[in-house]
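Read off the chains here:
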Amino acid sequence: MATRLTALLNVHSYFSFGAGVASPTTLVTEAIRAGYDTLALTDELGVYGAAELFEAARTHGMRALIGSSIPLSHKDRTYPLVLLASSRKAYGVMNELLSLIKTHDEPQCTLSMLEAHNEELHVLTGGRRGFVNQLIQSNQIKEASYLIETLKDAFHDRLWLQLFYDHYPWDKRRMAGLRRFAQAHRIAVVAASEVRYT
């Protein structure tokens, strides 16, 4: 019998402008109703919903995590990465990185920026639109391997290959391929489909 997921680790609220539609409070209450006990708010390029998230989580007895989705820029392409703060220090580092990303005309994060802002941060590889899935699907295995090893050197055991299952055609086959890729690079996997609606 399959183990049921208890954590949502890549959730967007209406602070992800044009993408999420629900408030952090609504996301918490709906997640509890659905049987989850942990929710990570990972809005795009910001932590604007943090105060409301933690207040709602305290009220309803849920564990809350704060993070952000950022655009990783590499060779003229951009891929989403998910950051999760594991401590107050990590939260500060993440906010420094977010401020730096937003100094560009087009917000973007380079590998060198990530390498310089990695203390106590956890990184998820971005799910369906992330670089691992996208590069493997386009048969650019060497490029995917280069990026994953570079991130692994910076984040060590705080790097997670993000699995997703949204009932798209071939998702089961994709997940098997991603697991094999993770095993080959000795990277832990985490089930974290992207949640944008309730």
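The structure under discussion appears in the preceding block.
Fair warning: this is a prediction, and the values are worked out from it, not measured in the lab. (Residues numbered from 1 in each chain as written. Predicted model: local features only at pLDDT ≥ 70, side-chain atom pairs only at ≥ 80, totals over all residues. Heavy atoms only, no water.)

## Here we look at the layout of surface pockets
Working step 1: As a volume, the largest pocket reaches approximately 300 Å³.
Working step 2: Around the largest pocket sit 15 residues that line it, and Leu5, Phe164, Tyr165, Ala191 and Ser193 are the ones nearest its centre.
Working step 3: When residues of the lining of the largest pocket are traced back to their parent elements, those giving at least two are strand 1 (7–11) and helix 7 (171–184).
Working step 4: Split into classes, the residues belonging to the lining of the largest pocket amount to 12 nonpolar, one polar and two charged.
Working step 5: Considered as a void within the structure, the second largest pocket measures approximately 260 Å³ in volume. (1 Å grid on protein atoms, 1.4 Å probe; cavity = no way out; pocket = protein on both sides within 12 Å on 5 of 7 lines; lining within 4 Å. Points joined across faces, edges and corners; volume = space filled by probe spheres on them. Helix = DSSP H or I, 4+ residues; strand = E, 2+ residues; numbered from the N terminus. Nonpolar A, V, L, I, M, F, W, Y, C, P; charged D, E, K, R; others polar.)

## Digging into the packing of helix 1 (residues 24–33) against helix 2 (residues 50–60)
Working step 1: At a closest axis distance of 8 Å, the pairing of helix 1 and helix 2 adopts a crossing angle of 35 degrees. Note on packing geometry: the crossing formed by helix 1 with helix 2 is right-handed. Contacts between helix 1 and helix 2 involve Pro24, Thr25, Val28, Thr29 and Ile32 on the former and, on the latter, Glu52, Leu53, Ala56, Ala57 and His60.
Working step 2: Tallied by class, residues from the contact of helix 1 with helix 2 come to six nonpolar, three polar and one charged. (Axes fitted to C-alpha atoms, helices over the stretch in contact; angles between N-to-C directions. Left-handed = near helix turned anticlockwise from the far one by under 90°. Contact = heavy atoms within 4.5 Å.)

## Points about helix 2
Along an α-helix, residues three or four apart share an orientation, since each turn contains 3.6 residues.
Working step 1: Among all positions in helix 2, only Ala50, Leu53, Ala56 and Ala57 are buried. For helix 2, the buried positions fall inside an angular range of 135 degrees around the axis, keeping them on one side. Exposed residues lying more than 90 degrees from the buried face of helix 2 are Ala51, Arg58 and Thr59.
Working step 2: Check the buried side of helix 2 and you find it contacts helix 1, strand 2 (38–41), strand 3 (63–74) and helix 3 (88–101). (Buried < 20%, exposed > 50% of the residue type's maximum accessible area, 1.4 Å probe, protein only. Arc of directions from axis to C-beta.)

## Overview of the sheet that holds strand 2
Working step 1: Spatially, seven strands are ordered 1-2-3-4-5-6-7 in an open sheet, and the strand pairing comes out mixed. Bordering the open sheet on either side are strand 1 and strand 7 (188–191), each of which pairs with just one other strand. Sheet twist, expressed as the mean angle between neighbouring strand axes with direction ignored, is 30 degrees.
Working step 2: In the packing of helix 2 onto the sheet, contacts are made with strand 2 and strand 3, and the angle to strand 3 comes to roughly 150 degrees.
Working step 3: Along the sheet face, helix 7 touches strand 6 (159–163) and strand 7 and points at about 165 degrees away from the line of strand 6. (Pairing = 2+ DSSP bridges.)

## As for the packing of aromatic side chains
Working step 1: Evaluated as defined, the whole model comprises four aromatic pairs.
Working step 2: Considering the side-chain rings of Tyr14 and Phe15, the 5.2 Å spacing of their centres and the 75 degrees angle between planes classify their relative orientation as edge-to-face.
Working step 3: With relative accessibility at 37%, the residue Tyr14 sits in the partly exposed group.
Working step 4: With 6.5 Å between their ring centres and 40 degrees between their planes, Phe15 and Tyr48 make a pair best called tilted. Placement of Phe15 in the loop between strand 1 and helix 1 and of Tyr48 in the loop between strand 2 and helix 2 is noted, with a sequence separation of 33 residues between them.
Working step 5: Assessed through its relative accessible area of 45%, Tyr48 is described here as partly exposed. (Phe/Tyr/Trp six-rings, centres within 6.5 Å; stacked < 30°, edge-to-face > 60°.)

## With respect to the pairing of strand 6
Working step 1: Most of strand 6 is tucked away, with four of its five residues classed as buried.
Working step 2: Both strand 5 (residues 121–124) and strand 6 contribute to a ladder of two bridges, which runs parallel. Pairing of Val123 across the sheet is with Leu159, part of strand 6.
Working step 3: Handedness of the crossover joining strand 6 and strand 7 through helix 7 is recorded here as right-handed. (Right-handed = clockwise from strand over helix to strand, strands pointing away.)

## Topic: the pattern of salt bridges
Working step 1: Enumeration over the complete set of coordinates arrives at nine salt bridges.
Working step 2: The closest approach of N and O atoms between Arg58 and Glu55, which form a salt bridge, is 3.1 Å. Highlighted residues: Arg58 and Glu55, both in helix 2, separated by three residues, approximately one helical turn.
Working step 3: With relative accessibility at 43%, the residue Glu55 sits in the partly exposed group. (Salt bridge = Lys/Arg side-chain N within 4 Å of Asp/Glu carboxyl O.)

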